[in-house]
Each structure stands twice: as C-alpha cells, then as structure tokens.
Amino acid sequence: MSVGLVLEGGAMRGMYTAGVLDIFMDHDIPIDGIIGVSAGVLFGVNYPSRQRGRVIRYNKRFAKDPRYMGWKSFLTTGNIINKDFAYYTVPQKLDVFDQEMFEKSGVDFYATLTNVETGKPEYVKLNNLFDEMEVLRATSAMPLVSKIVEVDGKKYLDGGVSDSVPVNKIREMGYDKVIVVLTRPLDYRKKPSNPALYKMVYGKYPQFVETATNRYKDYNDTVEHIIDLENKKEIFVIRPSKTIDIKRIERDENKLQEMYDLGVSDCISRMDALKEYLDI
C-alpha cells in the first residue's frame, strides 16, 4: 500500500503542519510521496529528513531577526522573506538541514510552483535541496511582496496561486491512500482579491493575473471537493480545529508556538482514526 501526503501552504500558518508532522514522526506514519505548496514545502521537507522539532525551533529563534523576514528585507531586497539568510544561511549553517537523511528516506517530494507566464501549476521533484534551493524560493514567493524567481529559464511565483491544495494531482499519481494537511479550519472560505493590484504589478503576464484573480474561486471549489472526498472516505484530512489569529509573516514567538501546539493536539486526537484509515 502506498501513501501520498498533501501539504497546504499559508506562510506561518505552516507551524500547524510542523506540529502535525512531528506527531507523524512519533508514530512512524509511512509516507511514500509528498506534494507540498509554499510553506508546506519549506516545512514539510523536515519529515523525510526526520528532523523533529526543527521547524518550530528555527522559526522561533529567528522570527524577530530582521535578517530573516519582514518589511526591512522587502524594502532592501524586494523579498519579504530574505533570500540569503532564510534560504541559504539558516539551513546550511545555523540550523542545518539533513540532506543525507532526506535522500535516504526514499520519499518522493514534489514542490508546487506557479509558472508566471502560463499561470499554470508545475510540480518539481526535489532531490538535493541545497542544489535546488531556488525551487523552494519559487514555491514560497508570495505575490506582491516577492520578486519573481527564475528556475531553468522559467519564471515562477508561489505555487498556492495556481494549486493551493493539489489533492487531484496526488490522486492522479496513483497512491492507494491520501492524507491532506490543511492550515485553515473547516469553515474557512477565501474572499476575492483586488484584480487591479495584480494587473498593475503583473500586467506583462495576463495569464498569471487571471489565475491570481480567480484563485479564491478555485480555492473554495477545492475545499468543497476535499470535503466530498473526505465524506466518501477516499482521503483523510487533518485541519485546524479552531481559528488562530496568526499573520502570514508572524513574528510573535507565542503565536508560532500556539499554531504548532494546535497541530500537535489535533494530530494526536486524530491518530487512531488515521491509523484505522491506513490500516496500520
């Protein structure tokens, strides 16, 4: 039996995912393939690398560090998440990512990217994160507060713009069981954004503007689809049991811990049901 895992993004709401995955490690939940989106990639790669606690640790450590993220970084570099410090200095020097264990895990890990020129999602398989860090930057490059990231001559932004929760993609891959970790509670629905802002900033890329403008519809349709699949017991979903007021770029360590702790407690409460679904 093969198990696929989908990890929604959401910037610092991803602390929820980190809590869920740490409990997955405690229970040795078998995962064969993962598709992540944005923060779902950045934090999700720590599951195959078996680095329990790493996500909450380094985010709390650097949350208030101006080198890590924030408006100073945006004003000086064009990226609200600092490219050099967050994507290179932290994982290579300050809280080292275990690339060797990631490779040994045998887990197929895909990052979702939005092609700015086509407005379509692309799914890139990760092999060596240190060599492919620009892919991680691309999947998490939030529109309007991040520069477009070029990978192999193509232009990308946040994967969540075109496929916020790639449940259909992972089902197409043929996994016997599918787990979906969301970062919004059951009653959340996205509201329309301002299309004029996207047109002003990305007018050269009309297909991206169309995708970004319609994102709220696509997201809400996907949520309904996930609920339907869940009710049919075709997938297993873990989502926040309550709403926590947390910013996408959250610098309050207590808020980060609260979101992480919710992921831990929600996952523990669903563990018996998950094991029954996986028949383990």
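Above this text is the structure in question.
Heads up: these notes are all about the structure in this document. Here the structure is a predicted model, which means the values were calculated and not measured. (Residues numbered from 1 in each chain as written. Predicted model: local features only at pLDDT ≥ 70, side-chain atom pairs only at ≥ 80, totals over all residues. Heavy atoms only, no water.)

1. Things to note about the packing of aromatic side chains
Aromatic ring pairs are defined here through the distance separating the ring centres and the angle between the ring planes.
For step 1, the next point in the chain: With the rule as written, the count across this model stands at twelve aromatic pairs.
For step 2, the next point in the chain: Here the aromatic rings of Phe97 and Phe130 are separated by 6.3 Å at their centres, their planes lie at 80 degrees, and the arrangement is edge-to-face. Highlighted residues: Phe97 in the loop between helix 5 (83-94) and helix 6 (99-104) and Phe130 in the loop between strand 4 (121-126) and helix 7 (133-139), separated in sequence by 33 residues.
For step 3, the next point in the chain: Since its relative accessible area comes to 26%, Phe130 is described here as partly exposed.
For step 4, the next point in the chain: Measuring from ring centre to ring centre gives 6.2 Å for Phe102 and Phe109, while their planes differ by 45 degrees; the resulting arrangement is tilted. Neither residue differs from the other here; Phe102 and Phe109 are each classed as buried.
For step 5, the next point in the chain: Ring pairing ties together the aromatic residues Phe97, Phe102, Phe109 and Phe130, which thus form one cluster. (Phe/Tyr/Trp six-rings, centres within 6.5 Å; stacked < 30°, edge-to-face > 60°. Helix = DSSP H or I, 4+ residues; strand = E, 2+ residues; numbered from the N terminus. Buried < 20%, exposed > 50% of the residue type's maximum accessible area, 1.4 Å probe, protein only.)

2. Regarding the side chain of Ser146
For step 1, the next point in the chain: Mapped onto the secondary structure, Ser146 falls in the loop between helix 7 and strand 5 (149-151).
For step 2, the next point in the chain: Under the relative-accessibility criterion, Ser146 is labelled buried at 13%.
For step 3, the next point in the chain: Separated by 2.9 Å, the side chain of Ser146 and the backbone oxygen of Met142 make a polar contact. (Polar contact = N/O pair within 3.5 Å; in protein donor to acceptor, adjacent residues only side chain to side chain.)

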